Amino acid sequence: MEAPQVPQVTITPEGGGSPREMRQEDWDDAAEGTLRRKLSNSSVSSTGSSAVESEDDLLSDNESKSEGIITLEPLVDTGESKPWWKLKAIVHWPFSVTQRRKLSWVQLAGHKGNFKAVDEGNILKRFSENEMQCFEKLRDDALLPFVPGYHGTVEKDGESFLHMTDLLVNFDCPNVMDCKMGVRTYLEEELVRARERPKPREDLYKKMVEVDSDGPTAQEHSQRGVTKPRYMQWRESMSSTNSLGFRIEGIKKCDGTCRTDFKRTRSRQDVIQVFKNFVGGNVNIVKSYVSRLTEIQQAIKTSQFFRQHEVIGSSLLFIHDHTGNAQVWIIDFGKTTALPQGQTLKHDIPWQEGNREDGYLWGLENLICTLEYIDKQGTGAGTFCSVTKENSQTTRREAQ
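Rules used in this analysis
- Residues numbered from 1 in each chain as written.
- Predicted model: local features only at pLDDT ≥ 70, side-chain atom pairs only at ≥ 80, totals over all residues.
- Heavy atoms only, no water.
- Core = buried A, V, L, I, M, F, W, Y, C linked by side-chain atoms within 4.5 Å.
- Buried < 20%, exposed > 50% of the residue type's maximum accessible area, 1.4 Å probe, protein only.
- Contact = heavy atoms within 4.5 Å.
- pLDDT = per-residue confidence, 0-100.
- Helix = DSSP H or I, 4+ residues; strand = E, 2+ residues; numbered from the N terminus.
- Pairing = 2+ DSSP bridges.
- Salt bridge = Lys/Arg side-chain N within 4 Å of Asp/Glu carboxyl O.
- Disulfide = S-S within 2.5 Å.
- Axes fitted to C-alpha atoms, helices over the stretch in contact; angles between N-to-C directions.

Focus: the nonpolar core
Next up, step 1: Counting 51 residues, the largest nonpolar core has F275, L316 and F318 as the members making the most contacts within it.
Next up, step 2: When near neighbours in sequence (up to four residues on either side) are disregarded, L316 contacts M177, D178, C179, M181, L293, I296, V328, W329, I330, Y360, L364 and L367.

Right under this line is the structure:
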């Protein structure tokens, strides 16, 4: 019987040493000739950037997708820059090579140094003052059961990190999806700052043309430049962020393949198809997701934290495995901003510049409706709900 094929990796022995490519003989020397890839100890997350980072830098992702050949980065940051794929993982390999040295945790396809290994079941995320403050406030909030466990801050290798629970520790070879929530992924203050310097930028023009060659106006084509405010608002209009109040950022499947090419996934039907492929037709997984999202929705409606914050750039992390275990978590608070004293948001009414509304609850209701429709399709029903942008009122209509 042939041994299962595994991705090619680069490993770093615990205690230092130079990274090297994992050779076939290493797999052969593993216990009883069998490699046990414990992908349940993977973690996937989008960026935990601070609010001061520029939006276009946060979203300068690599459009290429994995074909199952996954490169694992060493723990030590060599100083080399790498494009942001929006999807990354911390992977633990609990087996011994011939030297009988335990292998370190490694970071897959993200900003080097954003995550580091720590004790079993936990990870370190690069420190963000904004995100730390959010976790502190969430300790006594209704949303606490739905966010990663937070264990304070630690210093490692001269840097500060947030000590957090690894959300995938209880999953066996998980499938993971990151959905960015809300009708915009930039803060109002970012838009104001961008307007103060409305210089046409060639890099943003190239990003726009990459996604849609007809996106730039005749003048923008002529000057080969797009201003940042124009780019930021155009980018949201191309995806389901604008049409549904959420968008799919990336997917990592159990087989190791990754997809981040969802910039033009805008229509409800396109989103439904992506979710169908993600769950592999497993209606029980869909039901679990709907149940969890409904619990999150109810918690949000009673959350003091949510009412008092502009929730921008936060994601819902969907996780399931072959055992039927399925969960959804609220992650990434790096750009979530506290409102002035006495001000609150509804999160389900249209955004107009100045009102700071983020559309999170509207997007969440659309997300629940999308999954409910997939569930009903699996049982032969044919209706799905439609959510009005004004007040998240839900109506049912026949599927097209």
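Read on for the rest.
Focus on the confidence of the model for the chain
Next up, step 1: Looking at the chain, pLDDT values average 75 and 66% of them are 70 or higher.
Next up, step 2: Segment residues 2-111 is flagged for pLDDT under 50; beyond a separation of four residues in sequence, or across chains, it makes 258 contacts in the model.

A look at the pairing of strand β11 (residues 246-252)
Next up, step 1: By the criterion of burial, β11 is predominantly enclosed, with 7 of the 7 residues buried.
Next up, step 2: Sheet topology note: the strand β10 (residues 175-181)/β11 ladder contains 6 bridges and is antiparallel. Paired with C179 across the strands is I248, a residue of β11.
Next up, step 3: Counting the residues between successive antiparallel strands, the hairpin from β11 to strand β12 (residues 258-259) contains 5 residues, one of them, G256, with a positive phi of roughly 95 degrees.

Remarks on the pattern of salt bridges
Next up, step 1: Summed over the entire model, instances satisfying the criterion amount to 19 salt bridges.
Next up, step 2: A salt bridge links K125 to D332; its shortest N-O distance comes to 3.0 Å. Here the residue K125 occupies a position in strand β7 (residues 122-126), and D332 occupies one in the loop between β15 (326-331) and β16 (337-338), the gap between them amounting to 207 residues. In this pair, the class of K125 matches that of D332, namely buried.

A closer look at helix α7 (residues 228-238)
Next up, step 1: Counting buried positions along α7 yields 8 of 11 residues, so the element is predominantly enclosed.
Next up, step 2: Restricting attention to buried positions, one finds in α7 the residues K228, P229, Y231, M232, W234, R235, E236 and M238.

Regarding the state of the cysteines
Structurally, a disulfide amounts to a covalent bond that connects the sulfur atoms of two cysteines.
Next up, step 1: One pass over the full model with this rule turns up 1 disulfide.
Next up, step 2: Disulfide pairing places C173 opposite C254 at an S-S distance of 1.7 Å. As the torsion about the S-S bond is roughly 105 degrees, the C173-C254 disulfide counts as right-handed. In this pair, C173 is assigned in the loop between β9 (159-165) and β10 and C254 in the loop between β11 and β12, connecting sequence segments 81 residues apart.

Observations concerning the sheet that holds strand β8 (residues 150-156)
Next up, step 1: In space, the 4 strands of this open sheet follow the order β6-β7-β9-β8, with antiparallel pairing throughout. Strands with a single pairing partner mark the edges of an open sheet, and in this sheet they are β6 (115-117) and β8. Strand-to-strand twist across the sheet, computed as the mean angle between neighbouring axes with direction ignored, equals 35 degrees.
Next up, step 2: For β7 and β9, the ladder comprises 5 bridges, and the chain directions are antiparallel. Within the sheet, the bridge partner assigned to L124 lies in β9 and is H163.

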